[in-house]
Amino acid sequence: MQVQSNVKLSGRQGIYLGLFVGGIFACCGLVSMLPALASRQWVGVLVGGVFFLVGMGFLGYAATAYYGRVRIGSPQLTISNTNLRVGETFNVNLLHTFQRDVQLEKILIQLLFRETATYQQGTDTRTVTHNDIIENYELPGGQYQAGQMIQQAYTMQIPPDGMHTVKVRRNQLQWFVRLEAGIPKLPDYVEEYELAVLPEMAEMGN
Amino acid sequence: MATVALELTLRGGEEGAGYRRYAPGDLLQGSLIVYPDADVNCKHLYARLLWHTAGRGSQYLEKISEQDLFQGTLPGNMPRSFEFEFVLPHQPWSFEGHYVSVVWKVQAQVDVAWASDPKAEMGLVVRPSSSNQ
């Protein structure tokens, strides 16, 4: 069986976005607040303070998301084949050893079909997505101890009446295997692995 | 000003509920009947195979093939028939989704000098049947 390396798409994106946006807002807030404070211009202090607090909010989100990822570690998801045909089955193996004690609400492994559409509304560019959960497997939540290992194998199938991957300007149809772990009071741990589904039908039995 | 009526007919594939279904790679054949009510100076008479996205996103359109069926004068009150054929590509397949759909069409257009161009379109479905598995 061919083992493909995986392409990680999301998960850390929230952290990077939080750091980037939070950093910009916090810096802008400080830059405008400190001179205003020195010259006792209270309106400037107020506006700069609001920017600073918004920035700190984003940075706080990034920090909690990063902390959640540190608590869980790096689960290894192996997909037997990431170049698939419509109707083809493939295997997904989840292997993870917890480095720290962690309480989890749930662990989900999903096969997702995602439509992404980007459009112009006035001067704004907007993007909407719609996820179809084709297969959903859930591991029970609970307390996982440091050193505890989970190993699960799943067989998934691109539906025979499904669609292949399409990526054209402002319109995308994509397939993903999604791993999600819910940690109480922290942002969910999410990793997505894109599958390339070719415009070919799988032969019977594949 | 002359008016031109166009009638598109597709052949091959399978008959569906109000559409014809073709497998990727199939040969699509069709005919176009043109009914001008007066003499028309036709710069080009095009038959095109194209697909586009539909739905929430900005439209993406791709012209796969174009045939110039006729150039010259179309005599008035004299229907004329033209044949065309296209080999369908292997992708993308027709699809109807929540935000994104993929729509295939055959389009006919009479390019008339200094006038709006009469057009006709006919949708089709490009998708392998499940029995092809």
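Residues numbered from 1 in each chain as written. Chains lettered and ligands numbered in written order. Predicted model: local features only at pLDDT ≥ 70, side-chain atom pairs only at ≥ 80, totals over all residues. Heavy atoms only, no water.

**As for the overall build of chain B**
Rule in force here: By definition, any uninterrupted DSSP run of H or I lasting at least four residues is a helix, any uninterrupted run of E lasting at least two residues is a strand, and each is numbered from the N terminus. Think of it in three bands: with a 1.4 Å probe and only protein chains considered, a residue is buried below 20% of the maximum accessible area for its type, exposed above 50%, and partly exposed in between. All accessible areas in this document rest on Shrake-Rupley with a 1.4 Å probe, and a residue is counted as covered only by the protein chains that are shown. In this tally Asp and Glu are treated as negative and Lys and Arg as positive; neither His nor the chain ends contributes. For this purpose, a charge sits on NZ of Lys, CZ of Arg, CG of Asp or CD of Glu.
Regarding its fold elements, chain B presents 0 helices and 10 strands. Starting at the N terminus and ending at the C terminus, chain B contains elements arranged as β-β-β-β-β-β-β-β-β-β. Considering only C-alpha atoms, chain B reaches an extent of 50 × 30 × 25 Å along its principal axes. Here chain B holds 133 residues, and 43% of them are scored as buried. On chain B, roughly 6,700 Å² of surface is accessible, and the fraction owed to carbon and sulfur atoms is 47%. For chain B, the separation between the mean place of its 11 positive charges and that of its 15 negative charges on side chains is 6 Å.

**A short note on helix α1 (residues 12–38) of chain A**
Our working rule: A helix is expected to reach a length of 1.5 Å times the quantity of its residues less one. Throughout, a contact is declared for two residues whenever any of their heavy atoms are within 4.5 Å.
A rise of 1.5 Å per residue sets the reference length of α1 of chain A, with its 27 residues, at 39 Å; its end C-alpha atoms lie 38 Å apart and thus fit the reference within 8%. Summarising the contacts, the buried residues of α1 of chain A are in contact with α2 (42–72) of chain A.

**Some remarks on unusual backbone geometry**
For the bond from Gln91 of chain B to Pro92 of chain B, the omega torsion is -5°, close enough to zero to count as cis. Counting through the fold element by element, Pro92 of chain B comes out in the loop between β7 (80–87) and β8 (95–96). With a phi close to 65°, Lys185 of chain A is a non-glycine residue in the positive phi region. Along the chain, Lys185 of chain A falls in the loop between β8 (171–182) and β9 (189–201). One non-glycine residue, Trp114 of chain B, lies in the positive phi region at around 55°. Position of Trp114 of chain B relative to the elements: it lies in the loop between β9 (100–112) and β10 (119–126).

**A closer look at the sheet that holds strand β6 (residues 149–157) of chain A**
Residue and element names in this part refer to chain A. Short version of the rule: Criterion used throughout: strands pair if DSSP finds at least two bridges between them. With axes taken as lines fitted to C-alpha atoms, and helix axes fitted only over the stretch in contact, angles between N-to-C directions fall between 0 and 180 degrees.
Read from one edge to the other, the open sheet built from 3 strands follows the order β1-β3-β6, with strand pairing classed as antiparallel. The open sheet terminates on both sides in strands that have one partner only, identified here as β1 (76–79) and β6. When the angles between neighbouring strand axes are averaged without regard to direction, this sheet yields 15°. Across 4 bridges, β1 lies against strand β3 (residues 89–97) in antiparallel orientation. From the neighbouring strand, Leu77 faces β3, where its bridge partner is Leu94.

**A look at the domain arrangement of chain A**
All names here are of chain A. Quick note on the threshold: Domain ranges listed in this record stem from an automatic or a database domain assignment. Throughout, the accessible surface (probe 1.4 Å) given up by two parts as they are put together, summed over both, is called the buried area. Criterion for a salt bridge: a side-chain nitrogen of Lys or Arg within 4 Å of a carboxyl oxygen of Asp or Glu. Polar contacts here mean pairs of N or O atoms no more than 3.5 Å apart (in protein, one a potential hydrogen donor and the other a potential acceptor; neighbouring residues in sequence count only if both atoms are side-chain atoms). Polarity classes work like this: nonpolar for Ala, Val, Leu, Ile, Met, Phe, Trp, Tyr, Cys and Pro, charged for Asp, Glu, Lys and Arg, and polar for all others, with Gly in that last group.
With domains assigned, chain A is organised as domain 1 (14–70) and domain 2 (74–201). Relative placement of domain 1 and domain 2: their C-alpha centres are 33 Å apart. Each partner contributes to the interface: domain 1 provides 7 residues, whereas domain 2 provides 7 residues. Both sides together, the interface formed by domain 1 and domain 2 hides about 590 Å², and carbon and sulfur atoms give 62% of it. At the boundary of domain 1 and domain 2, one finds 0 salt bridges. Summed over the shared surface of domain 1 and domain 2, the result is 0 residue pairs in polar contact (both at pLDDT 80 or more). Residues that form the side of domain 1 that touches domain 2 fall into these classes: 4 nonpolar, 2 polar and 1 charged.

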